[in-house]
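# A structural walkthrough
This is what each chain is made of:
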Amino acid sequence: MTKMRLAVMGASGRMGKELTMAALNHPDTEIAGATEMPGSPAIGTDIGTLNNVPALGISVQEDPIDLFTKVDGILDFTSPAATLKFAELSAQARIVHVIGTTGFSPEDEEKLEAASRHARIIKAGNMSLGVNLLAALTKKVASTLDESFDIEIVEMHHKHKVDAPSGTSLMLGAAAAEGRNVGLEEKSVRVRDGLTGPRQDGDIGFATLRGGSVAGDHTIIFAGPGERIELTHKADDRGIFANGAVKAALWGQDKAPGLYSMADILSL
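Residues numbered from 1 in each chain as written. Predicted model: local features only at pLDDT ≥ 70, side-chain atom pairs only at ≥ 80, totals over all residues. Heavy atoms only, no water.

## What to know about the overall build of the protein
The number of helices and strands found in the protein is 9 helices and 12 strands. Computed over the C-alpha atoms, the radius of gyration of the protein is 19 Å, within 12% of the 18 Å expected from 2.2 N^0.38 for a compact globule of 268 residues. With the C-alpha coordinates of the protein rotated into their principal frame, the extents come out at 60 × 40 × 30 Å. The buried share of the protein, taken over its 268 residues, is 49%. Within the protein, contacts between residues separated by at least 24 positions form 69% of all contacts whose residues are at least 6 apart in sequence. Carbon and sulfur atoms make up 52% of the accessible area of the protein, which amounts to about 13000 Å² in all. The centroid of the 26 positive side-chain charges in the protein is displaced by 2 Å from the centroid of its 35 negative side-chain charges. (Helix = DSSP H or I, 4+ residues; strand = E, 2+ residues; numbered from the N terminus. Rg over C-alpha atoms; globule rule 2.2 N^0.38 Å. Buried < 20%, exposed > 50% of the residue type's maximum accessible area, 1.4 Å probe, protein only. Contact = heavy atoms within 4.5 Å. Areas by Shrake-Rupley, 256 points an atom, 1.4 Å probe, with all protein chains shown as cover. Lys, Arg positive; Asp, Glu negative; His and termini not counted. Charge placed at Lys NZ, Arg CZ, Asp CG, Glu CD.)

This is the structure:
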């Protein structure tokens, strides 16, 4: 069986290195390229050397354009601006584009939707099996309990994370909103400060914590009269996200162009 040729975008970052090792360690994939942003000291470095394994003869490059003609898919946990550019190239090359990037605007989402007419885009705020099962549970609980149960989502990540709430929190919030048959935008409460007044029934609140080296903790709280239900997922190792991304790429190989999620892969 021919291995799936993958390229890692943002190869020298924390997740870039995790993605590289996950692809190298999977029996059905191989690393065929890697990129970094202009000016990165990693440009020109062998991807193996960058990850403290034997050299692979593949250097990190700045220009991704020719790379898209040589690979079957890309693993992309970079930034919204970079991901949108990669999505255009993925559409032109008609390859698999796995997106773990978070922080997209509604306009960005529309551009990704347009690119998915030709590319096989698999996008998730979180690539772990556990978190996606958590989202399914959140939707079920939200649909079962009425608005007398207030929904709050609490998340904590390492101090280097640049967007808030996390993409996973928003994914969980969307699941809760879908369970309640409401729009997240109209019910989301992101900030509370000062004299806010009483909590409104039906709101979905978010609390964001940052510090240390936490890979990702998420708790959905359903607080009702006299009782409380809490669903929690704690990630101890970023490798779970990288492994999920590689599995997503393999799943997307024989699919039609479109915009998919981890829920599609897991048949949730």
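Moving on, there is more to tell.
## Let's talk about a nonpolar patch on the surface
On the surface, Leu129, Leu133 and Leu268 cluster together into a nonpolar patch covering about 270 Å² of accessible area. Note on placement: leucine 133 falls in helix H5 (residues 129-144). (Patch = residues over 30% accessible without salt bridge, like charges linked within 9 Å, V, L, I, M, F, W, Y side chains within 5 Å. Salt bridge = Lys/Arg side-chain N within 4 Å of Asp/Glu carboxyl O.)

## Digging into the environment of alanine 175
In this structure, alanine 175 sits in helix H6 (residues 167-180). Since its relative accessible area comes to 9%, alanine 175 is described here as buried.

## Considerations on the side chain of threonine 102
Among the structural elements, threonine 102 can be located in the loop between strand E5 (96-99) and helix H4 (106-115). Polar contacts involving the side chain of threonine 102 include one to the side chain of aspartate 163, which spans 2.7 Å. Excluding residues that lie within four positions of it along the chain, threonine 102 makes contacts with Pro80, Gly125, Lys161, Asp163 and Gly167. (Polar contact = N/O pair within 3.5 Å; in protein donor to acceptor, adjacent residues only side chain to side chain.)

## Here we look at the sheet that holds strand E1 (residues 4-9)
Here we have 7 strands laid out as an open sheet, ordered E3-E2-E1-E4-E5-E6-E12, and parallel in their pairing. With one partner strand each, in any of the chains shown, strand E3 (60-61) and strand E12 (258-260) form the two edges of the open sheet. By the bridge criterion, 6 bridges tie E1 to strand E2 (residues 29-35) in an arrangement that is parallel. Paired with arginine 5 across the strands is glutamate 30, a residue of E2. On the sheet, H4 packs against E5, strand E6 (120-123) and E12 and is oriented at approximately 145° with respect to E6. (Pairing = 2+ DSSP bridges. Axes fitted to C-alpha atoms, helices over the stretch in contact; angles between N-to-C directions.)

## Points about the nonpolar core
Within the largest apolar cluster, 34 residues are counted, with the highest numbers of intra-cluster contacts made by Leu19, Ile47, Leu75 and Val98. For this core, the element with the highest residue contribution is helix H8 (residues 239-252), accounting for 7 residues. Look past the residues within four positions of valine 98 in its chain and what remains in contact with it is Ile74, Leu75, Asp76, Ile122, Met127, Ala245, Ala248 and Ala249. Ranked by size, the runner-up nonpolar core spans 20 residues in total, among them Val131, Val141, Phe149 and Ile220. (Core = buried A, V, L, I, M, F, W, Y, C linked by side-chain atoms within 4.5 Å.)

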